[in-house]
Amino acid sequence: MRADRSDAPEYITRVAPNRSVAGWLVAGLIGTASTLGLLQIAGLALQDTIAPNRTAPVVSQPGPAAGAHIARPASAPAKDWDSIVEALASTRAEPQAVTAQPRSSSGAVSSPSGKQTEFSDANYQPRGADNVLSFKAPPPPPLAAPRSSKASEIVVVGQEPSMKDRACWPFREGSIERRNCRTRVGLHYRD
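Residues numbered from 1 in each chain as written. Predicted model: local features only at pLDDT ≥ 70, side-chain atom pairs only at ≥ 80, totals over all residues. Heavy atoms only, no water.

Asker: In this structure, what is going on with the overall build of the protein chain? I would like to understand it.
Answerer: Within the protein chain one finds five helices and zero strands. When the helices and strands of the protein chain are listed from N to C terminus, the series reads α-α-α-α-α. Each of the 191 residues in the protein chain was classed as buried or not, and the buried ones make up 4%. Taking as baseline every contact in the protein chain between residues at least 6 positions apart, the subset at least 24 positions apart corresponds to 10%. (Helix = DSSP H or I, 4+ residues; strand = E, 2+ residues; numbered from the N terminus. Buried < 20%, exposed > 50% of the residue type's maximum accessible area, 1.4 Å probe, protein only. Contact = heavy atoms within 4.5 Å.)

Printed below as a string of structure tokens:
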């Protein structure tokens, strides 16, 4: 069934009159002027809230300074890091026995269990890495028992085929009918 144009209500069929370019231009100018005026008013309002009294004299109050004072120590002599690293590498290259006894010359206070309780640069004792493990040679793989050249065959005596195989034998292997039959039989007979 097709509707005619005359079947439509009046408000749908009425065509809006074309607006001229001048009408669009006047509407755009009015919108632009009102937007700029609102932005100007908002800017003046923000300016008054940020600095309400620009002409008022600044009265200094006694007390701490407005900002933090940063004092830098006198420049320390630059360290020669290359020589420090080389010295550490040469001392670590020689194997040393690690003892649990605290160093008496460093002034470290240690508990009877041998743990260090006071820490400073003077009594620093470097430790080795915690995640390094040493392994012995892996054990040789077990010798596999020689297998006979004849393939062994497993024969099960007294087992009957499942109900799915007995009921769905007429259908071809892999067909949709056989799969549907096995599904139905499997739901009713659990074996």
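Asker: Can you help me understand the state of the cysteines in this one?
Answerer: Inspection of every chain in the model, using the stated rule, returns one disulfide. In this model, C168 is linked to C181 through a disulfide, with the two sulfur atoms separated by 2.0 Å. Disulfide C168-C181: torsion about the S-S bond near -90°, hence left-handed. Highlighted residues: C168 in the loop between helix 4 (163-167) and helix 5 (176-188) and C181 in helix 5, separated in sequence by 13 residues. Grouping residues by exposure puts C168 and C181 together as buried. (Disulfide = S-S within 2.5 Å.)

Asker: Just checking my understanding: could you explain the side chain of N123 for this structure?
Answerer: In this fold, N123 is placed in the loop between helix 3 (81-93) and helix 4. Here E118 takes part through its backbone oxygen, which lies 2.7 Å from a polar atom of the side chain of N123. (Polar contact = N/O pair within 3.5 Å; in protein donor to acceptor, adjacent residues only side chain to side chain.)

Asker: Can you walk me through a nonpolar patch on the surface in this structure?
Answerer: There is a patch of nonpolar side chains on the surface, built from W81, I84 and L88 and spanning about 320 Å² of accessible area. Mapped onto the fold, I84 is located in helix 3. For I84, a relative accessible area of 35% translates into the label partly exposed. (Patch = residues over 30% accessible without salt bridge, like charges linked within 9 Å, V, L, I, M, F, W, Y side chains within 5 Å. Areas by Shrake-Rupley, 256 points an atom, 1.4 Å probe, with all protein chains shown as cover. Salt bridge = Lys/Arg side-chain N within 4 Å of Asp/Glu carboxyl O.)

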